[in-house]
Amino acid sequence: MQTAEGSRRSKASVAKKRKKVLIVILAALAVFTLSVGATIGIYALRHPESNLFGWFGSKVKQSAEGEDLPTLSGGFNLLAVGVDERSDDLGRSDTMLFFSMPADGGSPLMLSIPRDTMIWSDEAEDYDRINNVYPEHGIEATVSTVQNLLGVPIDGYIKINIEGFVELVNILGGVTVTVDEAMDYDDPYQDLYIHLQPGEMLMDGQTAMEYVRFRADGAGDIGRIARQQKFIKAAISQALSVNKISKLPSLIKQGFSMVETNLSLKQLLTVANTVISKGFSNFETATLPGDGLYYGDMALYMLRLDEMYEMLADLLVPTDQEADYLELLKQNWTSDYIALHDAKLQIAQQIWAETGMSLSEAQYAEWLASHHWVDPGVPVTEDPVTEAPIEPTVPPTKPPAAVITP
C-alpha cells in the first residue's frame, strides 16, 4: 500500500519527468530549428490514429508544481545562437536563427541571419560583422544587436554549443542527405577537414557537422544557409518515425548540456505547451536579403535594408501596423547604410564587368597595375598593346532575395 510520502515522491518523480520532456522540446527547437513539438504535431496530423497529441499533451500541460500551464496570449520571439567555442577561444556566433510564433495563430517563422551581415558598431564607430559582437561583448549584446536590427522585440535566447550537434545526430542514428557537389576544405586552426563527394549518404554526427559548416563553394554564408536548411528538412522528415521519437530521452541528455538560456523553466514550459496545443506544423523560412560586397578590405554581407524591412513587415507585423514599422527606413543610420550599399554594389559590378572577379578596390588597383604595365625601355612607336580584359565566364550573381518556403 502506497503511503502519503510515497505518493508525494511519485508525484515529484512525474514532475521531474515532465520537466525533461519540455526541455527536450526547446533543445530540439534550437538545434534543429524546429521544435520537437512541431515534429510531433506533423506526425500526429498525418497519423491521427496515433493520438500523439493526447499522449504528449498529458505530460506537458502542468508545471513541476502541478499547476496548469497557460499558452502564450501574444506572440513570442526567440533567438537561437550557435557558437563555435574552443578551449582557448570564446568563438564567434557561427549561426543565428530568429524564431517567431505569431499571436494570431498563423504559421511560425524561422529567419536566418548570415554571419557576415554588416552592422554599425557604436564602439568602433565603423561597420563590422555581426558575428564579432558575441566574442567582444557576449550573448546579451548579440541579442540587443539583432533586436535593434530587426526592429522587433526578442523575448528570449538560447545559446548552443555547436559541438553537441555531433552527438545529437548520432543519437538520431544519422541523417540521409544528398551532397550536390564535391566539398573540400581544410582549416587546421579549427581542426576542420571537410572532404565529401557528391551523392546520397547517411551522415553521422561528424560528417553532418562538416556538411552544415562548409562555406567554401563561392556562395559563402548564403550557400551554407541553404545547406543547413536542406539538412534540417531531411532530419525532421526522418525524425517523424515512431522509433526516432523514442530516442528523445537520450536526445535531451545531450542537448540540454549545450544550451544556455535566459528563459525560466516556466517560460519554456509555456512556449512548448503553446507549440503542442496549437499544433504548429508549418514553418515559413526566410533569409535576410543582401549582397556580398567589400567594405575596404573586409568582405561583408551588406543588407538590402529597404527590401528587408518590407519583407519583415509582411511576415511579422500586423497589417494595421506596417506603416509605422516601415518608419524604420527613415532612421539616419538606415539611409547611410543604404547609400553605402548602393555605392559599393555599383563599384563591384564595374569591377566584375572588367575582370570577371570579385575584388576589393585595393585588389582591383593591383590587377590594373599588373595588366597595363609597359616596359619603359622599349620605345613606343605606336599605340601600346594591352591585354584585353578577361571576359567573365559566369555572369555575376547576387544572393537571391529571401525566398519564403512554407
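See above for the structure.
Below, the structure is looked at part by part. (Residues numbered from 1 in each chain as written. Predicted model: local features only at pLDDT ≥ 70, side-chain atom pairs only at ≥ 80, totals over all residues. Heavy atoms only, no water.)

### Concerning the packing of helix 5 (residues 139-150) against helix 12 (residues 305-316)
Helix packing for two helices is described by the angle between their axes and how far apart those axes are.
Logical step 1: For the pair helix 5 and helix 12, the least separation of the axes is 10 Å and the interaxial angle reads 90°. What the angle tells us is that helix 5 and helix 12 run roughly perpendicular. Facing Asn 148, Leu 149 and Leu 150 of helix 5, the residues of helix 12 in contact are Met 308, Tyr 309 and Leu 312.
Logical step 2: Here the residues of the contact of helix 5 with helix 12 sort into five nonpolar, one polar and no charged. (Axes fitted to C-alpha atoms, helices over the stretch in contact; angles between N-to-C directions. Helix = DSSP H or I, 4+ residues; strand = E, 2+ residues; numbered from the N terminus. Parallel < 35°, antiparallel > 145°, perpendicular 65-115°, else oblique. Contact = heavy atoms within 4.5 Å. Nonpolar A, V, L, I, M, F, W, Y, C, P; charged D, E, K, R; others polar.)

### Notes on the sheet that holds strand 2 (residues 93-101)
Logical step 1: If you walk across this open sheet you meet the six strands as 11-6-1-2-3-12, and the pairing is mixed. Single-partner strands in this sheet number two, and they are strand 11 (259-261) and strand 12 (284-287). Each adjacent strand pair in this sheet contributes to an overall mean axis angle of 20°, direction not counted.
Logical step 2: Strand direction decides the pairing type here: strand 2 and strand 3 (residues 109-112), joined by four bridges, are antiparallel. Bridge pairing in strand 3 links Leu 97 to Ser 112.
Logical step 3: Across the sheet, helix 5 lies against strand 1 (76-83), strand 2, strand 3, strand 6 (156-161) and strand 11, angled at about 130° from strand 1, the strand it touches most. (Pairing = 2+ DSSP bridges.)

### Describing unusual backbone geometry
Logical step 1: Of note, the phi angle at Glu 125 is positive, near 55°, even though the residue is not glycine.
Logical step 2: Judged by relative accessible area, which is 63%, Glu 125 ranks as exposed. (Buried < 20%, exposed > 50% of the residue type's maximum accessible area, 1.4 Å probe, protein only.)

### Looking at the side chain of Ser 121
Logical step 1: Inspection of the secondary structure assignment puts Ser 121 in strand 4 (residues 118-121).
Logical step 2: Accessibility expressed as a relative area gives 17% for Ser 121, which makes it buried.

### Describing the pairing of strand 2
Logical step 1: Most of strand 2 is tucked away, with nine of its nine residues classed as buried.
Logical step 2: Summarising the sheet, strand 1 and strand 2 pair through eight bridges and their orientation is antiparallel. Note on strand 2: the bridge partner recorded for Leu 78 is Phe 99.

### Concerning the nonpolar core
Logical step 1: Membership of the largest hydrophobic core comes to 42 residues, with the highest contact counts inside it found for Leu 111, Leu 150 and Leu 288.
Logical step 2: Among the elements that make up this core, the one with the highest residue count is helix 12 (six residues).
Logical step 3: Beyond its immediate chain neighbours, meaning those up to four positions away, Leu 150 contacts Phe 98, Leu 111, Leu 288, Tyr 309, Leu 312, Tyr 325 and Leu 328.
Logical step 4: The next biggest cluster of nonpolar side chains, apart from the first, holds 19 residues, and it includes Ile 194, Ala 208, Val 212 and Ala 235. (Core = buried A, V, L, I, M, F, W, Y, C linked by side-chain atoms within 4.5 Å.)

### Quick notes on the packing of helix 12 against helix 14 (residues 332-355)
Logical step 1: Relative orientation of the contacting elements helix 12 and helix 14 amounts to 125°, with a least axis distance of 9 Å. It follows from the interaxial angle that helix 12 and helix 14 lie oblique. Within the contact between the two elements, helix 12 uses Leu 305, Asp 306 and Tyr 309 and helix 14 uses Trp 333, Thr 334, Tyr 337 and Ile 338.
Logical step 2: Of the residues belonging to the contact of helix 12 with helix 14, the class tally is five nonpolar, one polar and one charged.

### Comments concerning the pairing of strand 8 (residues 183-187)
Looking down a regular strand, the side chains alternate between one sheet face and the other.
Logical step 1: Looking at chain direction, strand 8 and strand 9 (residues 192-196) are connected through five bridges and run antiparallel. Pairing of Asp 187 across the sheet is with Leu 192, part of strand 9.
Logical step 2: Here strand 8 hands over to strand 9 after four residues, with Asp 191 in that stretch at a positive phi of 55°.

### Looking at the packing of aromatic side chains
Logical step 1: Here the structure, examined in full by the defined rule, presents six aromatic pairs.
Logical step 2: An angle of 75° between the planes, with centres 5.9 Å apart, marks the rings of Tyr 309 and Tyr 325 as edge-to-face. Placement of the pair is Tyr 309 in helix 12 and Tyr 325 in helix 13 (residues 322-325), with a sequence separation of 16 residues. When sorted by exposure, Tyr 309 lands in the same class as Tyr 325, which is buried.
Logical step 3: Each ring, one from Trp 333 and one from Tyr 337, has its centre 5.9 Å from the other, and the planes form 85°; the classification is edge-to-face. Note that Trp 333 and Tyr 337 are positioned in helix 14 at a spacing of four residues, about one turn of the helix.
Logical step 4: Grouped by ring-pair contacts, the aromatic residues Trp 120, Tyr 127, Tyr 295, Trp 333 and Tyr 337 constitute a single cluster. (Phe/Tyr/Trp six-rings, centres within 6.5 Å; stacked < 30°, edge-to-face > 60°.)

### Side note on the pattern of salt bridges
Logical step 1: For the structure on display, the rule yields 10 salt bridges.
Logical step 2: In this structure, the salt-bridge partner of Asp 116 is Arg 115, at a minimum N-O distance of 3.7 Å. Here Asp 116 and Arg 115 have matching classes, each one buried.
Logical step 3: The salt bridge partner of Arg 304 is Asp 291, with a shortest N-O separation of 3.0 Å. (Salt bridge = Lys/Arg side-chain N within 4 Å of Asp/Glu carboxyl O.)

### Notes on helix 6 (residues 164-171)
Logical step 1: Counting buried positions along helix 6 yields six of eight residues, so the element is predominantly enclosed.
Logical step 2: Trailing helix 6 by a residue or two, Gly 173 shows a phi angle of about 85°, which is positive.

### Some points on the side chain of Thr 207
Logical step 1: You can see Thr 207 is positioned in helix 7 (residues 205-213).
Logical step 2: With near-sequence residues (within four places) excluded, Thr 207 lies in contact with Leu 196 and Met 201.

### Remarks on the environment of Ala 182
Logical step 1: With respect to the element layout, Ala 182 can be found in the loop between strand 7 (175-179) and strand 8.
Logical step 2: Assessed through its relative accessible area of 40%, Ala 182 is described here as partly exposed.
Logical step 3: In sequence terms Ala 182 and His 195 are 13 residues apart; their C-alpha atoms lie 7.5 Å from each other.
Logical step 4: Apart from residues lying up to four places away in sequence, Ala 182 is in contact with Leu 196, Gln 197 and Pro 198.

Fair warning: the whole summary comes from geometry, so function is off the table for now.
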